[in-house]
Amino acid sequence: MIQSPKLNELQREYADIFEIDANLDRLVKKIELLSYVNPLNIEKEKHQFFASKYSIDPEFRYPKLKFSPYKLHRMFFSQRLERIEDEQIRTMYKEIIYYYSNMVQCIETIGKKKKFHYNSLRVYGSPTEKDVENARFILHYTDEPISGDMEKIFTAEEAKAYFEDFAEQYDFPLNIKFSTHIAAEAMVSNASQSLLIKRNVKFSKNQLLTLANHEIGVHLVTTYNGQQQPLKIFSNGFPKNVETQEGLAVFSEYMSGALTLKRLKELAYRVLASDSLIKGYTFSDTFDLIHNQYKLNRNDAFTITLRAHRGGGFTKDRLYLSGLRKIYKRYLQEESMEPLLSGKVSLDYEQAIQKLHKIGLAEKNQFTNLAYLQNLNSNKTLDFILNNLK
C-alpha cells in the first residue's frame, strides 16, 4: 500500500478520480451477485427432482434484497464523471458504472425467469459458436482412468485444515467459513475476504489441490492485491473481470499439475449448459442433455444444470473455458500475468491499468501466484487440447 504522504499527494492531484472511486466503493459493497443468486433450498429441490425421475423442474428460493435497486441506480448515475480530465480514465469509470448498473438489474430480477436471463446476458454474454465448438472438441476425448486422488474421502473440516496449510505460503490471513447455500464446493467471497466451504460434502485429494490453487492462489491473491491499490475499483472489480479472473484461476490449476481432463470436461459441460439457455431449454431439458446425452453422472449433471439455471438463467459459467483459452494463449506468448493479478481486473482494461501505473494510481503487487513460477503439468492430452482450442 502507498505510504500516507504519497497517497495524500495523489489524492490532492487526482481528487475527482478518488472522489468518484470512493463513491462507487460505498455503493458497490451492497451488490455481490453471488450472495443473492445461490438458491436457499438446493438440497430439498434436488431430492424432489430426482424423485420425479427428472420431470418436475425445481422451484428455487433466493435471499431477499438488502438494498433499494432504484436508489442505487440513481446514485450510480449521479456521479459527475465530466470532472475527470483524462479521457481514457473517464471512459473507464463510465463503463464501470454501466457494468454495476447492469449487475443491480441482475440482482433485482433473480428468480424472474427470462428477465433475469436477459440481464445476465448483458453482464456475462452468451457462448459463441467457437466456445461451443471448443466444448464439444473437449468432450469427444475418452475419459481417463480414475486414480486414487479422485476419490472423495476428505470432510469439509479436513478441507479447511488443508487450505489453512496451503495458505501458509502466502502472507495474508485466511478466513474460512462453512456454508450450505453455495452451488460450488468452495468459493471466495470478495466482500468478506472469506473462503466459503460447502458443509456436508466430501472432497478428493485432487479437488483440494485444484480448489487451493484456484480459490487461494488466484481469487484470494487478487482480493488482497486489490485491497492494497490506491483505487477501490481494483478490489471491487472492473467490467468483464470474471472471464479474466476465472481464466487465471483455471490456469493456476493447470500450472500446479491439478488440472485433469475430467475438470476440463466440467468446464465444457458448463458451456453447453449456458448455450442451452439461449435455446430456451428448461431445467430438465438441460439436465437431459448433460446426463442422458453426454452420460455425466446425475449428481454432477444436476450441479452443472443448477449453476446455469439459477436465478432464471445465469451465463457466468460459460466464461471459465474462454478465459482459460485467453490466459493460456498469453502464457504461450510469454507475457507476464502480474498486471492481471493486481486486483479484480480484466484483459480488456490492461492499457488503462498501465496508464494508472504510469501516473502512480496503481501499485506493484504485494502477492503473486506461486503456481505460475513452474509448470508442473505432465498431462500431454491437456497440452494438446489447450494448444488446439479456437
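Remember, it's a predicted structure, so these values are computed and weren't measured experimentally.

*Asks:* Looking at this model, I keep getting lost on the pattern of salt bridges. Mind explaining?
*Replies:* Side chains bearing opposite charge may pair, as long as their charged atoms lie close to each other. Within this structure, the stated rule accounts for 21 salt bridges. Ionic pairing is found between lysine 326 and glutamate 243, a salt bridge with its closest N-O pair at 2.9 Å. With lysine 326 in helix H16 (residues 319–332) and glutamate 243 in helix H12 (residues 241–255), this pair connects stretches of sequence that are 83 residues apart. For lysine 326, a relative accessible area of 33% gives the class partly exposed. For glutamate 243, a relative accessible area of 14% corresponds to the buried category. Aspartate 317 serves as the salt-bridge partner of arginine 270, at 3.8 Å between the closest nitrogen and oxygen. Residue arginine 270 is found in helix H13 (residues 261–278), and its partner aspartate 317 is found in the loop between helix H15 (298–309) and H16; the two are separated by 47 residues along the sequence. As far as the burial class goes, arginine 270 and aspartate 317 line up, both buried.

*Asks:* So what exactly am I meant to see when it comes to the packing of aromatic side chains here?
*Replies:* Describing an aromatic ring pair means giving the distance of the ring centres and the angle of the ring planes. Summed over all chains, the structure comprises 31 aromatic pairs. Here phenylalanine 77 and tyrosine 98 contribute two aromatic rings whose centre-to-centre distance is 5.9 Å and whose plane-to-plane angle is 50°, an arrangement assigned as tilted. In this pair, phenylalanine 77 sits in the loop between helix H5 (69–76) and helix H6 (87–108) while tyrosine 98 sits in helix H6, placing the two residues 21 residues apart along the sequence. Classification of phenylalanine 77 as partly exposed rests on a relative accessible area of 46%. When the centroid spacing of 5.8 Å and the interplanar angle of 25° are considered together, the rings of phenylalanine 251 and tyrosine 254 count as stacked. Residue phenylalanine 251 and its partner tyrosine 254 are located together in helix H12, separated by 3 residues, close to a single helical turn. The class of tyrosine 254 is buried, set by a relative accessible area of 2%.

Definitions and limits used
- Residues numbered from 1 in each chain as written.
- Predicted model: local features only at pLDDT ≥ 70, side-chain atom pairs only at ≥ 80, totals over all residues.
- Heavy atoms only, no water.
- Salt bridge = Lys/Arg side-chain N within 4 Å of Asp/Glu carboxyl O.
- Helix = DSSP H or I, 4+ residues; strand = E, 2+ residues; numbered from the N terminus.
- Buried < 20%, exposed > 50% of the residue type's maximum accessible area, 1.4 Å probe, protein only.
- Phe/Tyr/Trp six-rings, centres within 6.5 Å; stacked < 30°, edge-to-face > 60°.

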